[in-house]
Amino acid sequence: MTPSLAVERHVDTLPAPLHVRTPLLATTVGNRHVGLKLENLQPARSFKIRGIGRLCQYHQAHGARALVCSSAGNAGYAVAWAGRALGLPVTVVLPETSAEWMRERIAELGAEVVVEGRVWDDANTLALALARSPDVAYIPPFDNPEIWAGHASLVDELAEQCARPPEAIVLAVGGGGLLLGVLEGLRRHGWTRTRVLAVEPEGAAGLAASLAQGRVVDLPAPHSVASSLCVRHVSEALLPACRDMAVTPVVVSDDACRRACVRLAERYGMVVEPACGAALAPVFDDHPALAGVHDVVSVVCGGQVVTLEDLAEWSRQGSSD
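No experiment lies behind these values; they were computed from the predicted model shown. (Residues numbered from 1 in each chain as written. Predicted model: local features only at pLDDT ≥ 70, side-chain atom pairs only at ≥ 80, totals over all residues. Heavy atoms only, no water.)

A.B. asks: Even after reading the chapter, I still don't get the overall build of the chain, so can you show me in this structure?
C.D. replies: Each helix and strand in the chain was counted, giving 11 helices and 10 strands. For a compact globule of 321 residues, the expected C-alpha radius of gyration is about 20 Å, and the chain comes in at 18 Å, within 12% of that figure. When its C-alpha atoms are laid out on the principal axes, the chain stretches across 55 × 45 × 40 Å. Per-residue burial for the chain yields a buried fraction of 59% across its 321 residues. Considering only residue pairs separated by 6 or more positions, the chain has 72% of its internal contacts joining residues 24 or more positions apart. Total accessible area on the chain stands at roughly 13,000 Å², and carbon and sulfur atoms take up 50% of it. Seen as two clouds, the 27 positive and the 35 negative side-chain charges of the chain have centres 4 Å apart. (Helix = DSSP H or I, 4+ residues; strand = E, 2+ residues; numbered from the N terminus. Rg over C-alpha atoms; globule rule 2.2 N^0.38 Å. Buried < 20%, exposed > 50% of the residue type's maximum accessible area, 1.4 Å probe, protein only. Contact = heavy atoms within 4.5 Å. Areas by Shrake-Rupley, 256 points an atom, 1.4 Å probe, with all protein chains shown as cover. Lys, Arg positive; Asp, Glu negative; His and termini not counted. Charge placed at Lys NZ, Arg CZ, Asp CG, Glu CD.)

The structure is reproduced here in structure tokens:
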């Protein structure tokens, strides 16, 4: 068990959250009513700040004087953002595959950036070692009950923004923190009939494989343009949570992730990374998993692992197909 899973749930006295309430943009795609939950508008540019901000506040309230995290990019940025807001020093451990400009963005928030290993799991091993001091808190990117509780606030907002429960919610899955939070929120509001489409890229479909085999499956070499979703295995808590709710695993191609990013930029003027494109692809491509669904919410989870040059290149690739 990692240190994160031992955290107790005593957060009633935490100050105001570090995340903001995000809009639900009502639109249509084909004949389907779609609500785009715009988590890309969070101050840390992704949904991560909901749960990570909550966990950072928890640790500060319980004596932490520094924060250490492992990340593929977005979680590290969220911890750095939270650390700056809370006045705590932060160390972020990133894998070698992280972009240099992403390292620079995190460092600009005042965090120390350390590069270790090829994938997030390698970086995580070092982060755990750096957090052995009792006054240093380890902040995982997804595997912690306080993080899930923070992400559940997304559904609290949907309960106020939606006239009725949507028939389906579409979201991207890496380690599973967002999915666990959304499932917690759905249970809290009694939205047990709302289906959840848990979308992964085909090179990193750990949840789909795990649900098929009834156990958490280790992926030896996860790979995808949606690099933020590339982890070797999902959270151990995810399988029982999925069995208790209506979760449908969906696997999409890297090309579908890229096309969705381009379409969001062209139609709505928003820049998101391919991990977010994964959650948009089933809606934009009318995926068979949405057959018969007329009212759906797609979580625009955001993310910074993208440049304008990337979008331009993906747009050119699409126009030449």
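A.B. asks: For this particular structure, what's the right way to read the pattern of salt bridges?
C.D. replies: Any two side chains of opposite charge can pair if their charged atoms end up close together. For the structure on display, the rule yields 14 salt bridges. Of the charged contacts, one joins Lys37 and Glu157 as a salt bridge, the two residues approaching to 2.7 Å between their closest N and O atoms. On the criterion of sequence distance, the pair formed by Lys37 in strand β2 (residues 32-38) and Glu157 in helix α5 (residues 145-161) is long-range, its members being 120 residues apart. Of the charged contacts in the structure, one is a salt bridge between Glu146 and Arg54, with a shortest N-O distance of 2.9 Å. Residue Glu146 is found in helix α5, and its partner Arg54 is found in helix α1 (residues 48-61); the two are separated by 92 residues along the sequence. The structure contains a network of salt bridges with shared partners spanning Lys37, Glu39, Arg50 and Glu157. (Salt bridge = Lys/Arg side-chain N within 4 Å of Asp/Glu carboxyl O.)

A.B. asks: In this structure, what is going on with the environment of Ser235? I would like to understand it.
C.D. replies: Relative to the helices and strands, Ser235 resides in the loop between α7 (206-213) and α8 (238-244). The buried category is assigned to Ser235, whose relative accessible area is 1%. Here the alpha-carbon distance between Ser235 and Leu154, two residues 81 residues apart in the chain, equals 20 Å. Leave out the neighbours within four places in its chain, and Ser235 touches Phe142, Asp143, Trp148, Gly175, Leu180 and Val216.

A.B. asks: Help me out: how do you make sense of the nonpolar core in this one?
C.D. replies: As a rule of thumb, nonpolar side chains are buried together in soluble globular proteins. Counting 97 residues, the largest nonpolar core has Ile139, Leu171, Leu179, Leu186, Leu207, Leu264 and Leu280 as the members making the most contacts within it. Core analysis: the second largest hydrophobic core is formed by eight residues, Ala66, Val93, Ala123 and Tyr138 among them. (Core = buried A, V, L, I, M, F, W, Y, C linked by side-chain atoms within 4.5 Å.)

A.B. asks: Looking at this model, I keep getting lost on α5. Mind explaining?
C.D. replies: Structurally, the α-helix is built with 3.6 residues per turn, so residues lying three or four positions apart point the same way. The terminal C-alpha atoms of α5 lie 25 Å apart, and with 17 residues this matches the ideal 24 Å at 1.5 Å per residue to within 8%. For α5, a buried count of 13 out of 17 residues is recorded, marking the element as mostly surrounded by other parts of the structure. A side-chain oxygen of the first residue of α5 lies 2.7 Å from the backbone nitrogen of Glu146; this N-cap is Asn144. (Expected span 1.5 Å × (residues − 1). Polar contact = N/O pair within 3.5 Å; in protein donor to acceptor, adjacent residues only side chain to side chain.)

A.B. asks: I'm lost on the layout of surface pockets in this one. Help?
C.D. replies: Empty space among the atoms becomes apparent when a probe as large as a water molecule is rolled across them. Of the voids in this model, the largest pocket is the one considered here, and its volume is about 380 Å³. Thr97, Ser98, Ser224, Val225 and Ser227 are, among the 20 residues lining the largest pocket, the residues nearest its centre. Only α3 (100-108) and α11 (308-320) provide two or more residues apiece to the lining of the largest pocket. The residue makeup of the lining of the largest pocket, split by class, is 13 nonpolar, five polar and two charged. (1 Å grid on protein atoms, 1.4 Å probe; cavity = no way out; pocket = protein on both sides within 12 Å on 5 of 7 lines; lining within 4 Å. Points joined across faces, edges and corners; volume = space filled by probe spheres on them. Nonpolar A, V, L, I, M, F, W, Y, C, P; charged D, E, K, R; others polar.)

A.B. asks: What am I meant to see in the packing of α5 against helix α6 (residues 177-188) here?
C.D. replies: Two packed helices can be described by the angle between their axes and the distance between those axes. Orientation of α5 relative to α6, taken along the N-to-C sense of each, is 55 degrees, at an axis distance of 7 Å. For the element pair α5 / α6, the angle class is oblique. In this structure, the crossing between α5 and α6 has a hand that is right-handed. Residues Trp148, Ala149, His151, Ala152, Ser153, Leu154, Val155 and Asp156 of α5 form the contact with α6, whose own contacting residues are Gly177, Leu178, Leu180, Gly181, Val182, Glu184, Gly185, Leu186 and Arg188. The residue makeup of the contact of α5 with α6, split by class, is nine nonpolar, five polar and three charged. (Axes fitted to C-alpha atoms, helices over the stretch in contact; angles between N-to-C directions. Parallel < 35°, antiparallel > 145°, perpendicular 65-115°, else oblique. Left-handed = near helix turned anticlockwise from the far one by under 90°.)

A.B. asks: Is there a simple way to explain α6 in this structure?
C.D. replies: Across its 12 residues, α6 extends 17 Å between first and last C-alpha, which sits within 8% of the 16 Å expected from 1.5 Å per residue. Counting buried residues in α6 gives 10 out of 12 residues, a clear majority hidden from the surface.

A.B. asks: Can you walk me through the sheet that holds strand β6 (residues 136-139) in this structure?
C.D. replies: Pairing between sheet strands relies on hydrogen bonds along the backbone, with the strands arranged either parallel or antiparallel. The four strands lie next to each other as β5-β4-β3-β6, forming an open sheet whose pairing is parallel. Looking at which strands have only one partner, the edges of the open sheet turn out to be β5 (112-115) and β6. Ignoring strand direction, the axes of neighbouring strands in this sheet form an average angle of 20 degrees. Alignment of strand β3 (residues 66-70) against strand β4 (residues 90-94), held across four bridges, turns out to be parallel. (Pairing = 2+ DSSP bridges.)

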